[in-house]
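# Survey of secondary and tertiary structure
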Amino acid sequence: MEEPQPSHSGTSDSMMGLSMSRSGSTSSSALKRGPPSSFEGLEDETSKKRFKEDLGNEPDCEKSAAKPGHEALAEDLAQELQCGCCTELVYRPVVVSPCQHFFCGSCCVLWIRNGGTNCPACRGVSTIVTPSRPLQSIVDILLRADPSRERAERERIQADEVYKAGCSMRIPTPREASPEPNLNQNADYVRPCPHCTPDNAFGWRCPQPVTDYGVDPERAWHLDDGNPPGHAFCGNCENLLALRAPSTTKCDLCQVSFCGVGVPGRCLAAPLLSQHPHNMSDLGDLIQSSEVYGCFDHNTVEVDIMLDYLTAQELSPRHIYREVASHILSQPNGFRPLIELDLFVDIHSVTAGIDENPDAPRNRICRQCATEVMLWGIKDWWIRERQKGTSCSRQKDLAHAREYNHIIAPRFSGDSILSTDASMTGTQGSPPVFAATTADVDAARQLEPEMGESQGNTAVTDLPTNSLLTDGL
């Protein structure tokens, strides 16, 4: 019996199916139609769009990964570019030679003006200061990357007023070293005055010279014994002086003497009308002085009007002092009322002399007393400038001061009152002129009892002023 042969039909059929499936897929891909012409290039554009969207959908941590690095770089750069004086981002940088430290140009100018003779950072010996273009370029790049680090406009304007960009400077040579202290000098004993030593540079010697403690301790003068005979202490430098020395002067108001050799121009009691008030050089000193506002009972409105007037007329505190002093001299009693008020007592820290004749003329004055005279009379001077008036009882009320005549309030005089008239006001910058009128007498008298009840029966009448007085001259 013939054995049946294994049938390969199943295997062959499967192989044929696999082959046909492959060929079918090949044929089907070969028979697939291409996209219409209207869809050509759409796939590429869509891919690009999807790529951009994918980039936009990146996590925030990856998107801002470069930002901290940028800020850190700007911060480090700003730290390295700090001025060694003001510790801010350097402005108009200059380099000090030879140490190569850099600063703001304005900071370096102020350093030199205040007596600096070396590098502000290392205190090394320096000769010249030059502008640095490389540093300025780096600063400009930093500010373009981070404009918030730029200095304030007001600071830049002030710095440009002090230092002109591109200019070089020279640092002055150091001063000579101070002499070594006298270790043999005892602080409890008086040191000789400049005229006590023989063959001194002033050509005059004290008839009663003081012995130096380092030379003869037994004959030295102790401070507890008061002033040595023929001597006193200078009211400015507080060094010992000879009362009869040609350079010595005495203030006729505070009775303090001045040596005339310690600090030129300050250790001096000058003629009455030629002295300069202490710490009152310009209008800025008046603005910063609280005592000036106190003279006007802190009526800031009136003080502002006065300052505007002084600015327009270009008047200095020294001018006010001279006007006040001249007015006092023209009075019958002169400076005696001020002396009786003890206005000049204890102005200086040294012991004053004795005023042997209170009725004696006053010819010389020191700087401190000149300031006291100016402050004492500045309000009355301003009243005279604005043509006679009297104090207003409500001058501390600033709203009232803006509307009415503040300090210069007219007072009733007989059948007339003083009132301001716009037609009588001078040119801009000049004080107003007060004219006597009678037209408003009846109205003013009717108004007086009402004002007396509301303001404590004051005798002062407030009238509205010209706009020039309230809004500035």
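Computed from a prediction, not measured in an experiment: that's the story for all the values here.

## Re the overall build of the chain
- Along the chain, the regular secondary structure elements total 16 helices and 13 strands.
- Per-residue burial for the chain yields a buried fraction of 34% across its 473 residues.
- Long-range contacts, defined here as pairs at least 24 residues apart, represent 63% of the contacts in the chain between residues at least 6 apart.
- Split by element, the accessible area of the chain, about 29500 Å² in all, is 50% carbon and sulfur.

## A few points about helix 13 (residues 367-385)
- At Ile378, helix 13 is deflected by roughly 50°, the largest bend along its length.
- Most of helix 13 sits out of view: 15 of its 19 residues are buried.

## Some words on the packing of aromatic side chains
- Evaluated as defined, the whole model comprises three aromatic pairs.
- Here the aromatic rings of Trp381 and Trp382 are separated by 6.2 Å at their centres, their planes lie at 35°, and the arrangement is tilted. Trp382 carries the same exposure label as Trp381, and that label is buried.
- Through a chain of ring-to-ring contacts, three or more aromatic side chains come together here, namely Tyr309, Trp381 and Trp382.

## Some words on the sheet that holds strand 2 (residues 102-104)
- Spatially, 2-1-3-4 is the arrangement adopted by the four strands of the open sheet, whose pairing is antiparallel. Looking at which strands have only one partner, the edges of the open sheet turn out to be strand 2 and strand 4 (169-170).
- Pairing between strand 1 (residues 93-97) and strand 3 (residues 128-131): four bridges, direction antiparallel. When the sheet's bridge partners are listed, Val96 is paired in strand 3 with Val129.

## A word on helix 10 (residues 300-313)
- Its 14 residues place the ends of helix 10 20 Å apart at the C-alpha level, agreeing with the 20 Å of an ideal helix rising 1.5 Å per residue.
- The complete set of buried residues in helix 10 reads Val301, Glu302, Val303, Ile305, Met306, Leu307, Tyr309 and Leu310.
- Phi turns positive one or two residues past the end of helix 10, at Glu314, with a value near 55°.

## Notes on the pattern of salt bridges
- With the rule as written, the count across this model stands at nine salt bridges.
- Of the charged contacts in the structure, one is a salt bridge between Arg149 and Glu75, with a shortest N-O distance of 2.7 Å. Residue Arg149 is found in the loop between helix 6 (133-145) and helix 7 (153-162), and its partner Glu75 is found in helix 4 (residues 66-80); the two are separated by 74 residues along the sequence.
- We classify Arg149 as partly exposed; its relative accessible area is 26%.
- Owing to a relative accessible area of 33%, Glu75 belongs among the partly exposed residues under this scheme.
- Among the salt bridges present, the one from Arg149 reaches Asp146, with a minimum N-O distance of 2.9 Å.
- The network of salt bridges with common partners includes Glu75, Asp146 and Arg149.

## A look at the nonpolar core
- In this structure, Cys251, Leu286, Met306, Leu310, Ile365 and Val373 are the most contacted members of the largest nonpolar core, which totals 45 residues.
- Listing elements by their share of this core, those giving two or more residues are helix 8 (283-288), helix 9 (290-295), helix 10, helix 11 (317-329) and helix 13.
- No other element matches the eight residues that helix 13 contributes to this core.
- Every residue in contact with Met306, bar those within four places of it in the chain, is listed here: Val292, Phe296, Ile378, Trp381 and Trp382.
- The next biggest cluster of nonpolar side chains, apart from the first, holds 27 residues, and it includes Ala74, Leu89, Ile112 and Val129.

## Topic: the pairing of strand 3
- Sheet topology places strand 3 next to strand 4; two bridges connect them, and they run antiparallel. Residue pairing for strand 4: Ile128 is matched across the bridge by Arg170.

## Some thoughts on the pairing of strand 1
- Burial runs high along strand 1: five of the five residues are buried.
- By the alternation rule, side chains of strand 1 split into Pro93, Val95 and Ser97 and Val94 and Val96, which are all buried.
- By the bridge criterion, three bridges tie strand 1 to strand 2 in an arrangement that is antiparallel. Across the sheet, Val94 pairs through a bridge with Phe103, a residue of strand 2.

## Section: the confidence of the model for the chain
- Mean pLDDT over the chain: 74, with 65% of residues reaching 70 or higher.
- Under a pLDDT of 50 for its full length, residues 61-66 has, in the predicted model, zero contacts with residues more than four places off or in other chains.
- For residues 407-473, every residue scores under 50 in pLDDT, and the model assigns this stretch 128 contacts once sequence neighbours within four places are set aside.

## What about the state of the cysteines?
- Counted according to the given criterion, the structure contains zero disulfides.
- Cys206 takes part in no disulfide bond, and the closest cysteine sulfur, belonging to Cys193, lies 3.3 Å away.
- In this structure Cys237 is a free cysteine whose sulfur lies 3.7 Å from that of Cys234, the closest cysteine sulfur available.

## Looking at the environment of Cys237
- Here Cys237 is to be found in the loop between strand 5 (231-233) and strand 6 (240-242).
- For the pair Cys237 and Cys259, spaced 22 residues apart in sequence, the C-alpha separation works out to 8.3 Å.
- With sequence-adjacent residues up to four places away left out, Cys237 is seen in contact with Cys259, Gly262 and Cys267.

## A word on the side chain of Thr248
- Note that Thr248 resides in the loop between strand 6 and strand 7 (249-250).
- Within the structure, the side chain of Thr248 is placed 2.6 Å from the backbone oxygen of Ala242, a separation counted as a polar contact.
- Not counting chain neighbours up to four residues away, the residues in contact with Thr248 comprise Leu241, Ala242, Leu243, Ser257, Phe258 and Cys259.

What counts and what doesn't
- All residue numbers refer to positions counted from 1 along the written sequence of the respective chain.
- It should be noted that, the model being predicted, local features are given only for residues of pLDDT at least 70 and side-chain atom pairs only at 80 or more, the latter also being counted only at that level, while totals for whole chains, interfaces and linings use all residues.
- Excluded from the side-chain calculation are hydrogens and water; included are all heavy atoms of the structure.
- We count a stretch as a helix when DSSP gives it H or I for four or more residues in a row; a strand needs E for two or more, and each element gets its number in order from the N terminus.
- For each residue, the accessible area found with a 1.4 Å probe, counting protein chains only, is set against the maximum for its type, and the residue is called buried under 20%, exposed over 50%, and partly exposed in between.
- Contact criterion: two residues are considered in contact whenever any of their non-hydrogen atoms come within 4.5 Å of each other.
- Calculation of accessible area relied on Shrake-Rupley with a 1.4 Å probe; when residues are assessed, cover is drawn exclusively from the protein chains displayed.
- To get the bend at a given residue, fit one axis to the seven residues ending there, fit another to the seven starting there, and take the angle between those axes.
- What counts as a ring pair is set by centres within 6.5 Å for rings of Phe, Tyr and Trp (its six-membered ring), and what kind of pair is set by the plane angle: stacked under 30 degrees, edge-to-face over 60, tilted for all other angles.
- Strand pairing is assigned whenever DSSP detects at least two bridges linking the two strands.
- One less than the number of residues in a helix, times 1.5 Å, gives the span that helix is expected to have.
- Every case where a carboxyl oxygen of Asp or Glu lies within 4 Å of a side-chain nitrogen of Lys or Arg is listed as a salt bridge.
- To form a nonpolar core, buried Ala, Val, Leu, Ile, Met, Phe, Trp, Tyr and Cys residues must be joined to one another through side-chain atoms within 4.5 Å.
- The quantity called pLDDT is the predictor's confidence in a given residue, expressed from 0 to 100.
- Pairs of cysteine sulfur atoms within 2.5 Å are what we label disulfides.
- Polar contacts, as used here, are pairs of N or O atoms within 3.5 Å; protein pairs need one atom able to donate a hydrogen and one able to accept it. Residues neighboring in sequence count only if both atoms are side-chain atoms.

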